Amino acid sequence: MTLAAREIASLASVPERAPVPEPPLADQLRAMDHLDALEAQSIYILREAFARLKKLALLWSLGKDSNVMIWLARKAFFGRVPFPALHVDTGKKFPEMYAFREHYATEWDLDLRVDPCPPIETIDPTLPPAARSAARKTEGLKLALAKYGFDGLIAGIRRDEEATRAKERVFSPRGLEGGWDVRDQPAEFWDQFNASPPPGAHLRIHPILHWTEGDIWAYTKREGIPIIPLYLAQDGKRYRSLGDQDITFPVSSNAASIDDILIELATTRVPERAGRALDHETEDAFERLRVAGYL
C-alpha cells in the first residue's frame, strides 16, 4: 500500500467527534458586554410576551425608561413596534414631554393611543394629596383596559427604583380589578415565565426590571436614544424622574450631559425618586397604590 493510501485509510478510521453543545443562555449572557446582555434579555422578554399573549400594549410614560423600552421593542421586531403605545394621560405632564410624544410617535411610527384619566374628585379622598393625584393614572388605566381588552401591558419599571417594585416579577399577574397581590407571585427560574393571565384579567410585563438607573443612561448614550431636556441640569437643577408637573420637582445637580449624569450616579446618595412628592408621603401610600393597580 502506498504512503498516500495508508494516510487516507488512517483518516477514515478516526471516529467522528460529538458536537459541542452550546453553553446555557445564562453563560452566554455572562460572556457578553454588560449592556449587550441586558439588551438581549429584554428583547427575549418582549418577544416571549408577543408570542404568548393575544393583545399587548406598551405603556409609554414618555420618560427615560419607557423610551428605552420602545427602543428595545423596535430592535426586537425589526424596526417597528407591533403593538400600541398607550399613554394614560393626566393632562399634567410638562410641555416638553408632550412635544416629545408628538414628535417621536410620528418618527417611530407608533400606534399611539392617548386615554385621559378621570378627574381628581372621583379619586379616594383618604389618600394623601400626591398619592391621590397619582391614583388618577390607576383609574385611567382601568378604563383603558376595559376599552381595549388588553391581556398584557408592558411597563418600564425597575427593581432599583423603589422598595415595593423590588418585589415584582417579570411576568406579573393582575386581578380582575387590576390589583397586585405581592404575596401571590409566580416563581421565575431560568427564564421560565408564567405567561398565562388569570381569566378576565391581565399580565404586566417588565422587560427592564433587571436594569439600573445607570444602565438606562449608559444604554441611552450608547444607542443615541433621544431624551427630554429636563433630565439635563440648568441653573444647578435637573429632573431625575419625570411625572406630573404638580407632584414632580428637580434635584440639585450640575450634570449637563449623559456623561455627567453617569459620573454623578457613581457618587450620589440622593434617591432617584427624591423629586417625586409621592415618595415622601405616608409610608403605605405607594403600597396602597400598587395593590390597587398603580404602575
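Rules used in this analysis
- Per chain, residues are indexed from 1 in the order of the written sequence.
- Only residues with pLDDT of at least 70 are given local features in this predicted model, and only at 80 or more are side-chain atom pairs given and counted; all residues enter the totals for whole chains, interfaces and linings.
- Each side-chain value is worked out from all heavy atoms of the structure, with water and hydrogens disregarded.
- One requirement defines pairing of two strands: DSSP has to find at least two bridges between them.
- Per the convention used, a helix needs a DSSP run of H or I reaching at least four residues, while a strand needs a run of E reaching at least two, with both numbered from the N terminus.
- Lines fitted to the C-alpha atoms define the axes, with helices restricted to the stretch that makes contact. Angles between their N-to-C directions range from 0 to 180 degrees.
- Throughout, a contact is declared for two residues whenever any of their heavy atoms are within 4.5 Å.
- Small angles under 35 degrees read as roughly parallel and large ones over 145 as roughly antiparallel, with 65 to 115 read as roughly perpendicular and the rest as oblique.
- Take the far helix as the reference: if the near one is turned anticlockwise from it by less than a right angle, the crossing is left-handed, and if turned clockwise, right-handed.
- Any residue that is not Ala, Val, Leu, Ile, Met, Phe, Trp, Tyr, Cys, Pro, Asp, Glu, Lys or Arg is counted as polar, Gly included; the first ten are nonpolar and the last four charged.
- In this scheme, a residue with accessible area under 20% of its type's maximum is buried, one over 50% is exposed, and one in between is partly exposed, where area comes from a 1.4 Å probe on protein chains only.

Right, let's get into the sheet that holds strand S4 (residues 152–154). An order of S3-S2-S1-S4-S6-S5 is seen for the 6 strands of this open sheet, with the pairing classed as mixed. Strand pairing shows two members of the sheet lacking a second neighbour, strand S3 (112–116) and strand S5 (171–174), which therefore form its edges. On average, each strand axis in the sheet is inclined to that of its neighbour by 30°, with strand direction left out of account. Pairing geometry for S4 and strand S6 (residues 202–205), over 3 bridges, is parallel. Across the sheet, Leu153 pairs through a bridge with Arg204, a residue of S6. Against the sheet, helix H4 (residues 64–76) contacts strand S1 (56–59) and S4, and its axis sits at roughly 140° relative to S1. Running at roughly 160° to strand S2 (residues 85–89), helix H5 (residues 95–107) makes contact with S2 and S3 of the sheet.

Look at helix H7 (residues 213–223) against helix H8 (residues 258–265): their axes get within 10 Å of each other, and the N-to-C directions meet at 160°. Between H7 and H8, the angle falls in the class roughly antiparallel. Crossing of H7 against H8: the hand is left-handed. Contact residues: Glu213, Gly214, Trp217, Ala218, Thr220 and Lys221 in H7; Ile258, Asp259, Ile261, Leu262 and Leu265 in H8. Residues belonging to the contact of H7 with H8 are distributed by class as follows: 6 nonpolar, 2 polar and 3 charged.

Within the span of H7, buried status applies to Glu213, Asp215, Ile216, Trp217, Tyr219, Thr220 and Glu223. For H7, the secondary structure elements touched by its buried residues are helix H3 (34–52), H4 and H8.

Let's shift gears to the environment of Ala105. Assignment of secondary structure puts Ala105 in helix H5. A relative accessible area of 10% places Ala105 in the buried class. Along the sequence, Ala105 and Ala85 sit 20 residues apart, while their C-alpha atoms lie 8.6 Å from each other. When near neighbours in sequence (up to four residues on either side) are disregarded, Ala105 contacts Trp60, Phe100, Leu110 and Leu112.

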